[in-house]
Amino acid sequence: MYKRQAFEFLAVDAAALAPAPGAACARPSYRPRDRGAKRKRDDDGGPGPRAARVAVVVPFRDAHVEQKRAAHLATFVPHVTAFLAKHCADYRVFVVEQSADGRKFNRGQLLNCGYVLAKRAGCDAFVFHDVDLLPSDDLGPWYAAKPRAGAPCHVARVWDRYSGNPDYFGGVASWSAGDFERINGFPNNYWGWGGEDDEMMRRSKTVFGEGFTMAAPSAGSLEDLEDMGIAEKVEFLRGHKDWKCNVRWELRDEHAATWRSNGLRIAGGDLGVVEVATADLGDRASKVTVDLALAGDWTDKHAPE
Ligand code: UDP
Ligand code: MN
């Protein structure tokens, strides 16, 4: 059993992260003060204008008891609906469940389906949200806002699993419709754990420029219901190799050739959402079970679990 604990954001002095004189620094370092300074320059009082209706889109499947996803969902929904009711003008929670298709979990395609459903329901800000992360109250403004053009927000940057690497994009991230459509959403063919969030970052750099970094809160915390650091998580997954996306490096190499037709837009038109069941989860929250689609290419044979 792991002890549950909240991860607190730790302010880091930018000087402490600076490279030694003469040292090469290929990537921007993690600089919370710079982010604060940027927000101040924008003089908007926060991450963006208030959204009319916020969507929280949650990828979900309760296939492996060890993962305790049903328990996470039972904790997440009441927490997040109370949180959203407090902070947002209006909101909807879409839990998008992968049907029992015999394939590995596909977070990217589920989030694309959720985006389509949320947009149809009139939402204008889209928070892609893992089921095992519970936001603290001081993150409210980051959920209530519609990110400005070119400035999607990595809310989960406050979680220490994600704070050390500016290229991480997982956990909780908020997008406007315009930007999410510009990057063509998530890839549809990452079956299994890992890689789809890295592809989001590649798409963002391709579309917004190599210097792209996400906006991120400088205070707040996320409680991790899984309660595993990255090392523990990697160890846990080592025992379940078949849950992972083991072709994510090959997929990475296809980025430039495929991103335009592997997301919200696919070769034949728009990604379809095949709903097979819906369940009411309470106030403005629902679970939609969907049948996911194969891509019709070499990745199909890597989909089965
Ligand atoms: N998830 C799920 N069922 C699964 C695997 C993943 O519902 O079998 C969802 C759940 O929302 C989870 C998210 O996908 O929080 C990301 O997976 P995971 O928590 O394993 O990723 P990590 O915490 O390692 O980034
Ligand atoms: Mn997790």
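Our structure is the block above this text.
Note that the structure is a prediction, hence the values are computed from the model and not measured.

Asks: Go over the overall build of the chain, please, and point to the residues and values.
Replies: Tallying secondary structure elements over the chain gives 11 helices and 11 strands in all. Each of the 305 residues in the chain was classed as buried or not, and the buried ones make up 51%. Only carbon and sulfur atoms are counted for the fraction: they give 53% of the accessible area of the chain, which is about 13,800 Å².

Asks: Tell me about the coordination of the manganese ion (ligand 2), residues and numbers included.
Replies: Ideal coordination angles are 109.5 degrees for a metal with four donors arranged tetrahedrally and 90 or 180 degrees for a metal with six donors arranged octahedrally. Donor atoms from the polypeptide that coordinate the manganese ion (ligand 2) comprise Asp132 (OD) and Glu226 (OE), at 2.2 Å from the metal. Residue aspartate 132 is found in the loop between β4 (125-129) and β5 (133-135), and its partner glutamate 226 is found in the loop between β7 (221-224) and α9 (230-238); the two are separated by 94 residues along the sequence. As far as the burial class goes, aspartate 132 and glutamate 226 line up, both buried.

Asks: Outline helix α3 (residues 69-87), supporting the account with residue identities and numerical values.
Replies: Taking 1.5 Å per residue as the helical rise, α3 with its 19 residues ought to reach 27 Å, and the 26 Å between its terminal C-alpha atoms agrees with that figure. The principal kink in α3, of about 25°, is found at phenylalanine 76, preceding the proline proline 78 by one to four residues. Among the residues making up α3, those that are buried are Arg69, His72, Leu73, Phe76, Val77, Val80, Thr81, Phe83, Leu84 and His87.

Asks: A description of the environment of leucine 237 should follow, citing residues and the corresponding values.
Replies: Within the secondary structure layout, leucine 237 lies in helix α9. The buried category is assigned to leucine 237, whose relative accessible area is 2%. The spatial distance from the C-alpha of leucine 237 to the C-alpha of tryptophan 193 is 8.8 Å, given a sequence separation of 44 residues. Every residue in contact with leucine 237, bar those within four places of it in the chain, is listed here: Trp193, Trp243 and Lys244.

Asks: Quick one: what's the story with the site of ligand 1, residue by residue and with numbers?
Replies: The full set close to ligand 1 counts 14 residues, and Pro59, Arg61, Asp132, Trp193 and Lys233 are the nearest of them. A distance of 2.7 Å separates a nitrogen atom of ligand 1 from a polar atom in the backbone of arginine 61. Of all the secondary structure elements, the ones that give two or more residues to the shell around ligand 1 are β2 (54-60) and α6 (160-163). Counted by class, the shell around ligand 1 contains six nonpolar, one polar and seven charged residues.

Asks: Any chance you could break down the sheet that holds β2 for me, citing the residues and the numbers?
Replies: The strands that make up a sheet are held in pairs by hydrogen bonds between backbone atoms, and each pair lies either parallel or antiparallel. The mixed open sheet is built from six strands, whose spatial order is β6-β4-β2-β3-β11-β10. With one partner strand each, in any of the chains shown, β6 (172-175) and β10 (274-280) form the two edges of the open sheet. Adjacent strand axes in the sheet meet at a mean angle of 25°, parallel and antiparallel pairs treated alike. Here α3 sits on the sheet and contacts β2, β3 (91-98), β4 and β11 (285-291); the angle it forms with β3, its principal contact strand, is near 165°. Lying over the sheet, helix α4 (residues 107-120) contacts β2, β3, β4, β10 and β11, oriented at roughly 150° with respect to β2.

Asks: Give me α4: which residues, what numbers.
Replies: With 14 residues, α4 should reach 20 Å at 1.5 Å per residue; the first-to-last C-alpha distance of 20 Å fits that figure. Burial of α4 is extensive: 12 of the 14 residues sit out of reach of the surface. Among the residues of α4, those classed as buried are Arg107, Gly108, Gln109, Leu110, Leu111, Asn112, Cys113, Gly114, Tyr115, Val116, Leu117 and Ala118.

Asks: Describe the packing of aromatic side chains, with residues and values.
Replies: In the structure shown here, the tally under the stated rule is 10 aromatic pairs. Where phenylalanine 208 meets phenylalanine 212, the ring centres are 5.2 Å apart and the plane angle is 25°; that geometry is what we call stacked.

Asks: Which residues make up the nonpolar core, and what are the values?
Replies: With 35 residues, the main nonpolar core has Tyr115, Phe126, Phe128, Phe169, Trp175, Phe180 and Val290 as its most contacted residues. Put simply, the parts of the chain that give this core at least two residues each are β2, β3, α4, β4, β6, α7 (177-182), α8 (196-208) and β11. The dominant element in this core, judged by the number of residues it contributes, is α4, at seven residues. Counting 34 residues, the second largest nonpolar core, distinct from the first, contains Leu134, Leu139, Tyr143 and Val155.

Asks: Lay out the pattern of salt bridges with the relevant residues and their values.
Replies: When the charged atoms of two side chains lie near each other, side chains of opposite charge can form a pair. If you walk through the whole model with that rule in mind, you get 21 salt bridges. As a salt-bridge pair, arginine 53 and aspartate 90 come within 2.7 Å of each other at their nearest N and O atoms. Of this pair, arginine 53 sits in the loop between α2 (32-42) and β2 while aspartate 90 sits in the loop between α3 and β3; the two residues are 37 residues apart in sequence, bridging distant segments of the chain. Taken together, the shared-partner salt bridges in this structure form one network comprising Arg53, Asp90, Arg92, Asp283 and Arg284.

Asks: Account for unusual backbone geometry, naming residues and giving values.
Replies: Of note, the phi angle at asparagine 184 is positive, near 65°, even though the residue is not glycine. For asparagine 184, the location among the structural elements is in the loop between α7 and α8. For arginine 284, which is not a glycine, the phi torsion comes out positive at approximately 55°. Along the chain, arginine 284 falls in the loop between β10 and β11.

Asks: Pulling in residues and values, what's your account of the pairing of β2?
Replies: Burial analysis of β2 places seven of its seven residues in the buried class, which makes it a mostly covered element. Going residue by residue along β2, you find Val54, Val56, Val58 and Phe60 tucked away on one face and Ala55, Val57 and Pro59 tucked away on the opposite face as well. Here β2 runs beside β3; their pairing, made up of seven bridges, is parallel. Bridge assignment links valine 54 to a residue of β3, and that residue is tyrosine 91. Across four bridges, the pairing between β2 and β4 is parallel. The residue bridging valine 54 from the neighbouring strand is alanine 125, located in β4.

Reading guide: rules and limits
Residues numbered from 1 in each chain as written. Chains lettered and ligands numbered in written order. Predicted model: local features only at pLDDT ≥ 70, side-chain atom pairs only at ≥ 80, totals over all residues. Heavy atoms only, no water. Helix = DSSP H or I, 4+ residues; strand = E, 2+ residues; numbered from the N terminus. Buried < 20%, exposed > 50% of the residue type's maximum accessible area, 1.4 Å probe, protein only. Areas by Shrake-Rupley, 256 points an atom, 1.4 Å probe, with all protein chains shown as cover. Donors = N, O, S within 2.8 Å, 3.2 Å for Na, K, Ca; no water. Expected span 1.5 Å × (residues − 1). Bend = angle between axes of the 7 residues up to and from the residue. Contact = heavy atoms within 4.5 Å. Near = heavy atom within 4 Å. Polar contact = N/O pair within 3.5 Å; in protein donor to acceptor, adjacent residues only side chain to side chain. Nonpolar A, V, L, I, M, F, W, Y, C, P; charged D, E, K, R; others polar. Pairing = 2+ DSSP bridges. Axes fitted to C-alpha atoms, helices over the stretch in contact; angles between N-to-C directions. Phe/Tyr/Trp six-rings, centres within 6.5 Å; stacked < 30°, edge-to-face > 60°. Core = buried A, V, L, I, M, F, W, Y, C linked by side-chain atoms within 4.5 Å. Salt bridge = Lys/Arg side-chain N within 4 Å of Asp/Glu carboxyl O.

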